[in-house]
Amino acid sequence: MNAYKKYLDVSPEVSEALKAGKPVVALESTIISHGMPYPKNVETALQVEKIVRENGAVPATIAVIGGRLKAGIGCDEIDYLGKTGLAVTKASRRDLCILAAQKKDGAATVAATMIIAAMAGIKVFATGGIGGVHRGAETTMDISADLEELAKTNVLVVCAGAKSILDLGLTLEYLETRGVPVVGYKTEELPAFYTRSSGFKTDCRMDSPKEIAAAFYAKLAMGLQGGMVAANPIPEEFAMDKEYIDKSIQAALEKMKTLGITGKRTTPFLLDEIQKITGGKSLESNIRLVYNNARLASEIACELSALEN
Ligand code: PSU
Ligand code: MN
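Calculation criteria
Residues numbered from 1 in each chain as written. Chains lettered and ligands numbered in written order. Predicted model: local features only at pLDDT ≥ 70, side-chain atom pairs only at ≥ 80, totals over all residues. Heavy atoms only, no water. Salt bridge = Lys/Arg side-chain N within 4 Å of Asp/Glu carboxyl O. Helix = DSSP H or I, 4+ residues; strand = E, 2+ residues; numbered from the N terminus. Buried < 20%, exposed > 50% of the residue type's maximum accessible area, 1.4 Å probe, protein only. Arc of directions from axis to C-beta. Contact = heavy atoms within 4.5 Å. Polar contact = N/O pair within 3.5 Å; in protein donor to acceptor, adjacent residues only side chain to side chain. Near = heavy atom within 4 Å. Areas by Shrake-Rupley, 256 points an atom, 1.4 Å probe, with all protein chains shown as cover. Nonpolar A, V, L, I, M, F, W, Y, C, P; charged D, E, K, R; others polar.

**Examining the pattern of salt bridges**
Where side chains of opposite charge bring their charged atoms close, a pairing between them can arise. Per the counting criterion, the structure on display carries 16 salt bridges. Note that Lys-50 is salt-bridged to Glu-54, the shortest N-O span being 3.7 Å. With a gap of four residues between them, Lys-50 and Glu-54 both fall in helix H3 (residues 40–54), about one helical turn apart. Classification of Glu-54 as exposed rests on a relative accessible area of 54%. Note that Glu-236 and Arg-196 form a salt bridge whose closest N and O atoms lie 3.7 Å from each other. Here Glu-236, found in the loop between strand S11 (228–231) and helix H11 (242–259), pairs with Arg-196, found in the loop between strand S9 (182–185) and strand S10 (204–206); they are 40 residues apart in sequence, far enough to count as distant. Relative accessible area serves as the criterion here: at 59%, Glu-236 is assigned to the exposed category. What makes Arg-196 partly exposed here is its relative accessible area of 31%.

**Observations regarding helix H9 (residues 168–177)**
Within H9 the residues assigned to the buried category are Leu-168, Gly-169, Thr-171, Leu-172 and Leu-175. Along the axis of H9, the buried positions cluster into a sector of 165°, meaning they face one direction only. For H9, the elements touching its buried residues are helix H8 (145–152) and S9. The N-capping residue of H9, defined by a side-chain oxygen 3.3 Å from the backbone nitrogen of Gly-169, is Asp-167. Just downstream of H9, Gly-179 is the residue with a positive phi angle, here 75°.

**Re the site of ligand 1**
Taken together, 15 residues surround ligand 1, and among them Glu-28, Lys-90, Ser-144, Lys-163 and Thr-267 come closest. Note that an oxygen atom of ligand 1 is positioned 2.7 Å from one of the side-chain N or O atoms of Asp-146. A distance of 2.6 Å is found between an oxygen atom of ligand 1 and a side-chain nitrogen or oxygen belonging to Thr-267. Across the complex, the protein chains shield 92% of the 480 Å² of accessible surface that ligand 1 would expose by itself. Looking at the shell around ligand 1, the elements with two or more residues in it are helix H2 (30–33) and helix H12 (266–277). When the residues that make up the shell around ligand 1 are grouped by side-chain class, the tally is four nonpolar, seven polar and four charged.

From the geometry alone we can't say anything about function, so treat these as descriptive.
In structure tokens:
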């Protein structure tokens, strides 16, 4: 029984593409509502869809609308999520059943996007940065549900690594424990979102979308449950100065402590605070790296569908 289908709406375009074995790329919506200010968030989301199309794949922006799990929302819904911003529920794994029962809206995090993508049959997903183990997690136990999802849901996530608002070393350790491959695209290091390097090595380096697709194809064929991370460094010309961004992150973390912000508000607060501190410079980098990830994810999706058909 595929009882989940009762809750799922796959858009006609995405559904047709999947049936025909065409490449599809999932896109998350928390990045729209909680990751960037309006109207840049909406412009970016629409541009990302365009980039996916230009690179031969069909975009599927994922969200929860009126309690329905949506794989493929339209411009109006993207605009609504962008405008509503923080007032939309940030929806991760634990929130999906609540939103469905209460027929409410939610912006999907990386974890929730993976879940809905997998239900729809989408295997490749592009975003900016994944959640991870927060600094101080040894006392707060704040570890993003994104990491658990990567351990159990079969979706490949293309990202620019993770922000150093997180403990990147512990994030890699956690992913190793949970059996999640982390591949660096044309790099040996885990990128740190705004910067190309973090000082932490990935498991391996791959230099082509084809190689990454082949690895994920093999993982699926072997029945090794869970996703994979393809870490794609921000293009050099858009990367930020490491010292400057590190100082800004430090200031944001201190303000968070002073205000006593915890739990699911942590990540959105830090994202917003960093944008304020850097006067929007970090926003431009953020947008550029998402475009770059959309391109790579589309190329991987094309290679994967070639292997499957
Ligand atoms: N990191 C970013 N931008 C984002 C997020 C994380 O650089 O927009 C969002 C993603 O939706 C991610 C979520 O899945 O925050 C993680 O939240 P938490 O740390 O509460 O698990
Ligand atoms: Mn958390």
